Amino acid sequence: MAFALLIVSLLLNQAHLVGEGWIGDFAPDPTVLLAAFAGLYGGRRSTTLLAVALGWSRAAVMIEPAGLTILATWWTVAIVASQRRSLDGRRWASFVFASALAGGALVFADWLSELCTDHSLLDGEQLLVGGVLAIPLARLIAGVGVAVRGDARG
Amino acid sequence: MKSGGIWTPVVLAACVASVAGWGPIRRAEQALGPMLSIGEALFAPLAHAPAGTEVVDDHRREADLAWASYVEAVRGPGEVCLPGRKVALAPVLSVATTERRRRMKIAVPADGVPDGALVTHRGAFVGLVVDVEDRIAEVALIGDEDLRPLAAEWQTAPSARPVHFLLGSEKGTALVESRSSTVAPPAGQVAWTRSVAALGDDLPPGLLLGRVVKPDEQDLPGGAAEGLGATRELELEPLIAADDLGIVTVEVLPSAEREARTVSALRVVTSGSETTSVRLDVGSRHGVEQGCWVVRDGAWLGRVAVVGWTSSIVEREVPRGTLLVIGAGGSVVPCRTEAASWPEGWVPQVGDRVVTGHGRLGGLLMGTVKDVTQAGFDVEPVVWGTDRTVTVVER
């Protein structure tokens, strides 16, 4: 799953970068959805691997120090994964909630990153647009998540 | 890899090393570079081409002329070298100073630079080569403890008797030693090298060394300065700040020719940002090294900052060192971006062209002056344009 997530993350981040050239701040940042997906449907014991896949691929596309991005993603995936037991992965609303949680965790990680290293990892508007996309895409993503994981309940 | 296992602390340590900018980790991070080729094939045709000015032939000619004039100035009034040698331009790669060492690294021809070769800039003494390894020469600058004593002199007036001395060093400070007169020089007296060929030292005479100063000089009441007594040790302050130099001249053997290696590369459009960092599809496997320049059609596009095996990162930030600013009237001013380096009464204007150069490629347009503040000016880099092909060239 981690390798598939790495490829998807690379492609989505590259598409995001191209989109940014055309629509600027309205280009949705895929990190919220990817982190929510990894947290909700990833194996409980593979949080580290999934965070490395997501963070490293994003850093490779955005040309940032991978360590910072991996730490931010790790924290985000771990926060979502901590709520997995209380969420039913088969319900689309669970994915929307997980995305909101991931968005909040990413904003906090970005704030912390800016505080400690003076380096911002995210654009607020792009993160919001990416997070809002969770609403129309939730059914589709939840379906994929259940198919990938089999039993998506806690 | 499972969380909670041995991998968690390993990943955590690698992340910290990456944030700290540790070279091996930053290079290893680029291993994902080749995997970007799938998305590149899919999305690059859809990429938005940024608006901006491409390099036009007028700017190329202008940059070439400015660079050629600057190179002439750097070479100084006459080529200073020993008989049987010649002078070559050498780009400055780095300058490092510690308490006892003042060193500069320059790129030189392979097997072409003898030990003790003289390094100058605009007719001023910069240092002597103390080590050459893999086409990089290490130069001991004035004040370095490994710089051999130099015969030098000052002369307060054309008719005055010159005062000879030996230039030594201690703890990174250049000292005036064994001077032939106890008479104090006037404040700011300039000193230069002296010929002692009869004693077997071939150092050319007349190279500017610096100003003779007295440490902790204090003004006395009434505006008079405390006299420089014979018992006081004098210091020499170099005229040239090594940190500011982009190129110098170095003595080389007549057969020495430096061929800067070049590599053709493509920019990965779906990675990085036009204005800050971009990714190239070549790495150390193709001969790219950190510090190489990325150029195209007479334009300087950036400097290779991180080199992976098959992918490298180019920083678009203007490097430190002297740049040439070409004004609207065609005037050329060599300076750094910091205001402290600007000539008195001169201020760059927004839109002035900023130029650098390369020994083999000639003048290269970097961009234009964007903002001018009291601290200095920012450079708006040349736009990358729609053509993805670039040349990576060794400095």
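Above this text sits the structure in question.
Residues numbered from 1 in each chain as written. Chains lettered and ligands numbered in written order. Predicted model: local features only at pLDDT ≥ 70, side-chain atom pairs only at ≥ 80, totals over all residues. Heavy atoms only, no water.

Enquirer: Can you lay out the overall build of chain B for me, pointing to particular residues and giving the numbers?
Expert: A count of helical and extended segments in chain B gives four helices and 23 strands. Oriented by its inertia axes, the alpha-carbon framework of chain B measures out at about 80 × 60 × 55 Å. By residue count, 45% of the 395 residues in chain B fall in the buried class. Accessible surface, chain B: about 19000 Å² in total, of which carbon and sulfur atoms supply 52%. Computing the positive centroid from 38 side-chain charges and the negative centroid from 50, chain B places the two 3 Å apart. (Helix = DSSP H or I, 4+ residues; strand = E, 2+ residues; numbered from the N terminus. Buried < 20%, exposed > 50% of the residue type's maximum accessible area, 1.4 Å probe, protein only. Areas by Shrake-Rupley, 256 points an atom, 1.4 Å probe, with all protein chains shown as cover. Lys, Arg positive; Asp, Glu negative; His and termini not counted. Charge placed at Lys NZ, Arg CZ, Asp CG, Glu CD.)

Enquirer: Which residues make up the packing of helix α2 (residues 31-41) of chain A against helix α4 (residues 66-82) of chain A, and what values go with them?
Expert: Residues and elements named next belong to chain A. Viewed as axis vectors pointing N to C, α2 and α4 meet at an angle of 45 degrees, and their least axial separation amounts to 7 Å. Accordingly, the angle class assigned to the pair α2 and α4 is oblique. Here α2 runs over α4; the crossing is right-handed. Residues Ala35, Ala36, Ala38, Gly39 and Leu40 of α2 touch α4, and the partners they reach there are Thr76, Val77, Val80 and Ala81. Considering only residue class, the contact of α2 with α4 consists of seven nonpolar, two polar and no charged. (Axes fitted to C-alpha atoms, helices over the stretch in contact; angles between N-to-C directions. Parallel < 35°, antiparallel > 145°, perpendicular 65-115°, else oblique. Left-handed = near helix turned anticlockwise from the far one by under 90°. Contact = heavy atoms within 4.5 Å. Nonpolar A, V, L, I, M, F, W, Y, C, P; charged D, E, K, R; others polar.)

Enquirer: Give a description of the pairing of strand β5 (residues 136-141) of chain B that names residues and reports values.
Expert: Residues and elements named next belong to chain B. Bridge count for strand β2 (residues 102-107) against β5 is five bridges, and the pairing is antiparallel. Opposite Met104, over in β5, you have Val139 as the bridge partner. One ladder, built from six bridges, connects strand β4 (residues 124-133) with β5; its direction is antiparallel. Residue pairing for β5: Gly127 is matched across the bridge by Leu141. (Pairing = 2+ DSSP bridges.)

Enquirer: Can you explain unusual backbone geometry? Please cite residues and give values.
Expert: All names here are of chain B. Positive phi outside glycine occurs at Asp134, with the angle close to 50 degrees. With respect to the element layout, Asp134 can be found in the loop between β4 and β5. Given a relative accessible area of 67%, Asp134 falls into the exposed group. Positive phi, normally seen in glycine, also occurs at Ser178, with a value near 50 degrees. Along the chain, Ser178 turns up in the loop between β8 (173-177) and β9 (190-193).

Enquirer: So what about the interface of chain A and chain B? Which residues, and what values?
Expert: Contacts between the two partners involve 33 residues from chain A, matched on the other side by 32 residues from chain B. In this assembly, chain A packs against chain B so that about 2700 Å² is buried in total across both faces, 74% of it on carbon and sulfur atoms. Between the two partners, chain A and chain B, sit zero salt bridges. Inspection of the region where chain A meets chain B yields 12 residue pairs in polar contact (both at pLDDT 80 or more). Only α1 (2-23), α3 (47-62) and α4 of chain A provide two or more residues apiece to the side of chain A that touches chain B. In terms of residue count, α1(A) provides more of the side of chain A that touches chain B than any other element does, 11 residues in total. Counted by class, the side of chain A that touches chain B contains 22 nonpolar, eight polar and three charged residues. (Buried area = accessible area lost by both parts, 1.4 Å probe. Salt bridge = Lys/Arg side-chain N within 4 Å of Asp/Glu carboxyl O. Polar contact = N/O pair within 3.5 Å; in protein donor to acceptor, adjacent residues only side chain to side chain.)

Enquirer: An account of the layout of surface pockets is requested, with residue identities and associated values reported.
Expert: Residues and elements named next belong to chain B. Considering only enclosed or pocket space, the second largest pocket measures out at about 540 Å³ in volume. Secondary structure elements with two or more residues in the lining of the second largest pocket: α4 (57-75), β1 (86-97) and β20 (353-358). In terms of domain composition, the lining of the second largest pocket takes at least three residues from each of domain 1 (28-74 + 257-395) and domain 2 (85-253). (1 Å grid on protein atoms, 1.4 Å probe; cavity = no way out; pocket = protein on both sides within 12 Å on 5 of 7 lines; lining within 4 Å. Points joined across faces, edges and corners; volume = space filled by probe spheres on them. Domains from an automatic or database assignment.)

Enquirer: Go over the packing of α1(A) against α2(A) with me, naming the residues and quoting the values.
Expert: Residues and elements named next belong to chain A. Running from amino to carboxyl end, α1 crosses α2 at an angle of 165 degrees, the nearest separation of the two axes being 10 Å. Judged by the angle between their axes, α1 and α2 are roughly antiparallel. You can see that α1 and α2 cross each other, and the crossing is right-handed. Residues Leu5, Val8, Ser9, Leu12 and Asn13 of α1 pack against Thr31, Leu34, Phe37 and Ala38 of α2. Along the lines of polarity and charge, the residues of the contact of α1 with α2 split into six nonpolar, three polar and no charged.

Enquirer: Describe α2(A), listing the residues and the values that go with them.
Expert: Residue and element names in this part refer to chain A. Judged by how many residues are buried, α2 sits mostly within the fold: 11 of 11 residues are covered. Three or more residues of α2 are buried, namely Thr31, Val32, Leu33, Leu34, Ala35, Ala36, Phe37, Ala38, Gly39, Leu40 and Tyr41. Check the buried side of α2 and you find it contacts α1, α3, α4, α5 (92-117), α6 (124-132) and α7 (134-149).

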